[in-house]
Amino acid sequence: MRPQLLKVSREPGHSFSVRRDLVPYINNKWHFHAEVELIHFKQGRGTQFVGDNMKRFKAGDVVLVGANLPHYWRFDDPYFDEHHEEPTDVRVAHFPENFWGGSFLDLPENTLLKALLEKARRGLQVEGEARDSVAHLLEKLLDSEGMTRVILLMEALQVLAQSDQVQPLASMGFQHTLGEAEHLRINLIYEYSLRHFRRPIQLEEIAAVANISPNSFCRFFKSRTRKTYSRFLLELRVGHACKLLIENNLSIKQLCYESGFNNFTSFYKYFKLITGKSPLGYQRARAAGGCPTEGQILARPNRANC
C-alpha cells in the first residue's frame, strides 16, 4: 500500500509532540510517518486500519503504531454532523525512535524498550491495566514541560515494554513499500466503502471509484491488503453489526439489514465465520465480559479472487 507521507510538526524546544484532538477529521486519511505514534481515544468510536488489520476502535482504546506503519482512524459518520452531541477526544504523542540519541536503545538496560519499538512496527493494541496506565500518563503529558515530558513518555513506554497485555495488529507478512501515487486510490476505496457498505456495492462501481478496470481492481486491492474486496466488505458489515449489538436495542433481524446484509441466513453465516460466535452468542459474551475486544475484525487473507 502506498499511503500519504505525513510530516509531524512539533513546537520549538520540544523533542517530540503531544496534542489533544477534539474534532474527528484530524489526519482522517490513510497515512504514515517516520515517528512512532502512541494514541489514546478518550471519547469517540469508529473503524481503525493499521497495516492490513481492520477493527473497530472505541473510547478507552490505546494503540502504539511503529515508524512508517500505515494507519487510518475513521470516526463513524455521526461524528461529522455538527449537531452530534457525543464529542471526540483523542490524545496522541509522536516521537522519533532515536530522539533520546543514537546509542540510547543499545544500552543493556533498554533491551525491552528496543524490543517494544521493533514489535510496534506491526502496531500494538494495548489492553487491561497497561491501557489504563498509559492513558493516564498521556493525560499528564499534555500539561507537562521540560524533563517531565521525557520522563512521562519513558514511563508509558516502560509500562508497554514490561506488559503482556499488548497484541500485534498487522500480520507478519505485511510490507509497506513507499511510493507517491497509490495512497489516493486506497483513500478513495476506503472512504467510499465506509460510506456505502450498508447497500450492495458492485465491482464495476468500486473499480470506477478507483479509476481502474474491474479485473485490475481485484488484483490491486488484494495485492495491497492481503484480502479480497468482498472479504473487506464483509468485515465492515460484521464490525458494524457488532457495534449495533452492543449499543442499540435493535432485534437481530433489524441489525442484519442495517449492517448491509440482504438476508438473515448469510448474515448469521458470515457473522459466525468472522467473529467465531453467533450474533446472540456475541451479545451475551459481551454482556458477561467474555469478549475482550469490541467488534474485532480478523485480518485473514482468503483465496477468492475478488
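The rules behind these values
Residues numbered from 1 in each chain as written. Predicted model: local features only at pLDDT ≥ 70, side-chain atom pairs only at ≥ 80, totals over all residues. Heavy atoms only, no water. Buried < 20%, exposed > 50% of the residue type's maximum accessible area, 1.4 Å probe, protein only. Helix = DSSP H or I, 4+ residues; strand = E, 2+ residues; numbered from the N terminus. Pairing = 2+ DSSP bridges. Axes fitted to C-alpha atoms, helices over the stretch in contact; angles between N-to-C directions. Parallel < 35°, antiparallel > 145°, perpendicular 65-115°, else oblique. Contact = heavy atoms within 4.5 Å. Nonpolar A, V, L, I, M, F, W, Y, C, P; charged D, E, K, R; others polar. Core = buried A, V, L, I, M, F, W, Y, C linked by side-chain atoms within 4.5 Å. Patch = residues over 30% accessible without salt bridge, like charges linked within 9 Å, V, L, I, M, F, W, Y side chains within 5 Å. Areas by Shrake-Rupley, 256 points an atom, 1.4 Å probe, with all protein chains shown as cover. Salt bridge = Lys/Arg side-chain N within 4 Å of Asp/Glu carboxyl O. Polar contact = N/O pair within 3.5 Å; in protein donor to acceptor, adjacent residues only side chain to side chain. Expected span 1.5 Å × (residues − 1). Arc of directions from axis to C-beta. pLDDT = per-residue confidence, 0-100. Phe/Tyr/Trp six-rings, centres within 6.5 Å; stacked < 30°, edge-to-face > 60°. Lys NZ or Arg CZ within 6 Å of the ring centre and 35° of its normal.

Topic: the pairing of strand β9 (residues 89–95)
At step 1: In terms of burial, β9 is largely enclosed, as seven of its seven residues are buried.
At step 2: The side-chain alternation of β9 yields two buried faces, one formed by Asp 89, Arg 91, Ala 93 and Phe 95 and the other by Val 90, Val 92 and His 94.
At step 3: With five bridges joining them, strand β2 (residues 17–21) and β9 adopt antiparallel strand pairing. By the bridge assignment for β9, Ser 17 is matched with His 94.
At step 4: Two strands pair when backbone bridges link them, and strand β4 (residues 36–43) and β9 are joined in this way by seven bridges, in the antiparallel orientation. Paired with Val 36 across the two strands is Phe 95, which belongs to β9.

So, the packing of helix α1 (residues 111–119) against helix α3 (residues 147–161)
Angle between the axes and distance between the axes are the two parameters that describe a pair of packed helices.
At step 1: In the contact formed by α1 and α3, the axes pass within 9 Å of each other and the chain directions differ by 80°. Taken together, α1 and α3 sit at an angle that is classed as roughly perpendicular. Within the contact between the two elements, α1 uses Leu 112, Leu 113 and Leu 116 and α3 uses Met 154, Leu 157, Leu 160 and Ala 161.
At step 2: Of the residues contributing to the contact of α1 with α3, the split by class is seven nonpolar, no polar and no charged.

Some remarks on the nonpolar core
At step 1: Ranked by size, the top nonpolar core spans 30 residues in total, and within it Leu 38, Leu 64, Phe 95, Trp 100, Leu 116, Leu 157 and Leu 160 carry the most contacts.
At step 2: Mapped onto this core, the elements with two or more residues apiece are β4, β7 (62–65), β9, α1, β10 (124–126), α2 (128–141) and α3.
At step 3: The contact partners of Trp 100, leaving out residues within four places of it in the chain, are Phe 95, Leu 105, Leu 113, Leu 117, Val 150, Met 154 and Leu 157.
At step 4: Grouped together as the second largest cluster of nonpolar side chains are 21 residues, Phe 197, Ile 206, Ala 210 and Phe 220 included.

Here's the deal with a nonpolar patch on the surface
At step 1: A surface patch of nonpolar side chains, about 290 Å² in accessible area, is lined by Tyr 25, Ile 26 and Phe 80.
At step 2: With respect to the helices and strands, the residue Ile 26 is situated in the loop between β2 and β3 (31–32).
At step 3: With a relative accessible area of 34%, Ile 26 lands in the partly exposed category.

A short note on the sheet that holds β7
At step 1: Spatially, six strands are ordered β2-β9-β4-β7-β10-β11 in an open sheet, and the strand pairing comes out antiparallel. Each edge of the open sheet carries a strand with a single partner, namely β2 and β11 (166–168). Pairs of neighbouring strands in the sheet enclose a mean axial angle of 20°, with direction left out of account.
At step 2: Sitting on the sheet, α2 touches β2, β4, β7, β9 and β10, and the angle it makes with β4 is about 95°.

Describing the side chain of His 33
At step 1: One can find His 33 in the loop between β3 and β4.
At step 2: Side-chain polar atoms of His 33 contact the side chain of Glu 37, separated by 2.9 Å.

Some words on α2
At step 1: Helix length check: α2 (14 residues) gives 20 Å between terminal C-alpha atoms against 20 Å at 1.5 Å per residue, within 8%.
At step 2: Residues of α2 that are buried: Ala 130, Val 134, Ala 135, Leu 137, Leu 138 and Leu 141. Around the axis of α2, the buried residues are gathered within 165° of arc, so they sit on the same side.
At step 3: Tucked into the core, α2 has its buried residues touching β2, β4, β7, β9, β10 and α3.

Overview of the confidence of the model for the chain
At step 1: Per-residue pLDDT for the chain has a mean of 85; in total, 87% of the residues score no lower than 70.
At step 2: The low-confidence segment residues 292–301 (pLDDT under 50) makes 37 contacts with residues lying over four places distant or belonging to another chain.

Considering the packing of aromatic side chains
Two aromatic rings, taken as a pair, are described by how far apart their centres are and by the angle between their planes.
At step 1: On inspection of all chains with the given rule, the structure shows 27 aromatic pairs.
At step 2: Plain terms: the ring middles of Phe 217 and Tyr 229 are 5.3 Å apart, the flat faces sit at 80° to each other, and that makes the pair edge-to-face. Note that Phe 217 is positioned in helix α6 (residues 214–225) and Tyr 229 in helix α7 (residues 229–247), a separation of twelve residues in sequence. For the pair Phe 217 and Tyr 229, a shared accessibility class is recorded, and that class is buried.
At step 3: Aromatic rings pair up to connect Trp 30, Phe 49, Tyr 72, Tyr 190, Phe 217, Phe 221, Tyr 229 and Phe 232 into one cluster.
At step 4: In this structure, Arg 149 is placed above the aromatic ring of Phe 16, and the distance from its NZ or CZ to the ring centre is 4.3 Å.
At step 5: A cation sits over an aromatic face here: Lys 253 above Phe 264, 6.0 Å from the ring centre.

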